[in-house]
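# Coordinate inspection notes
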Amino acid sequence: QVQLVESGGGLVTAGGSLRLSCAASGWTFSSYGMGWFRQAPGKEREFVAGITWSGGRTYYADSVKGRFTISRDNAKNTVYLRMNSLKSEDTAIYYCAADAGRHSTVETGPRGYDYWGQGTQVTVSS
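Residues numbered from 1 in each chain as written. Predicted model: local features only at pLDDT ≥ 70, side-chain atom pairs only at ≥ 80, totals over all residues. Heavy atoms only, no water.

## Regarding the environment of Gly9
- Its place among the elements puts Gly9 in the loop between strand E1 (3-7) and strand E2 (10-13).
- Given the relative accessible area of 31%, Gly9 is considered partly exposed.
- Ignoring sequence-local partners within four residues, the contact set of Gly9 consists of Leu20, Thr120, Gln121 and Val122. (Helix = DSSP H or I, 4+ residues; strand = E, 2+ residues; numbered from the N terminus. Buried < 20%, exposed > 50% of the residue type's maximum accessible area, 1.4 Å probe, protein only. Contact = heavy atoms within 4.5 Å.)

## A short note on the side chain of Thr78
- Among the structural elements, Thr78 can be located in strand E8 (residues 78-83).
- For Thr78, a relative accessible area of 9% corresponds to the buried category.
- There is a polar contact of 2.8 Å between the side chain of Thr78 and the backbone oxygen of Lys76.
- If near-sequence neighbours (up to four positions away) are discounted, Thr78 is found in contact with Ser21, Cys22, Ala23, Phe29, Ser71, Arg72 and Asp73. (Polar contact = N/O pair within 3.5 Å; in protein donor to acceptor, adjacent residues only side chain to side chain.)

## Looking at the side chain of Asp99
- Residue position: Asp99 is located in strand E9 (residues 92-99).
- We note that Asp99 is buried and unpaired, the nearest opposite charge coming from Arg72 at a distance of 8.7 Å.
- In this structure the side chain of Asp99 is engaged in a polar contact, spanning 2.8 Å, whose partner is the backbone nitrogen of Gly101.
- A distance of 2.8 Å separates polar atoms of two side chains, one belonging to Asp99 and the other to His103. (Lys, Arg positive; Asp, Glu negative; His and termini not counted. Salt bridge = Lys/Arg side-chain N within 4 Å of Asp/Glu carboxyl O.)

Dropping the structure here:
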């Protein structure tokens, strides 16, 4: 069955870095667009970054642009989110998601994604 498993979250001080990974199994990873979302306590889930199935396009939320980088390794069925210069407001549960639509652009809304991981906690202390 389709499965997405995130890892790499943890506690980091402000200004630090983390790299999240999302390992996919049970489907043709290279045919799916991938995205990262996050949800802080009391807030709605929000788009963070996305990458098209081909890897040719990426898109970022303004709040993370220039600090976060999304990438994918189709040989390893894995998508990554490199997070630099972390801030306390980046604290959230981070989810990866898969878009089966084979779109040429990045989906930025949660409804554009078909499968979700269980999430990994990122806590940034100030």
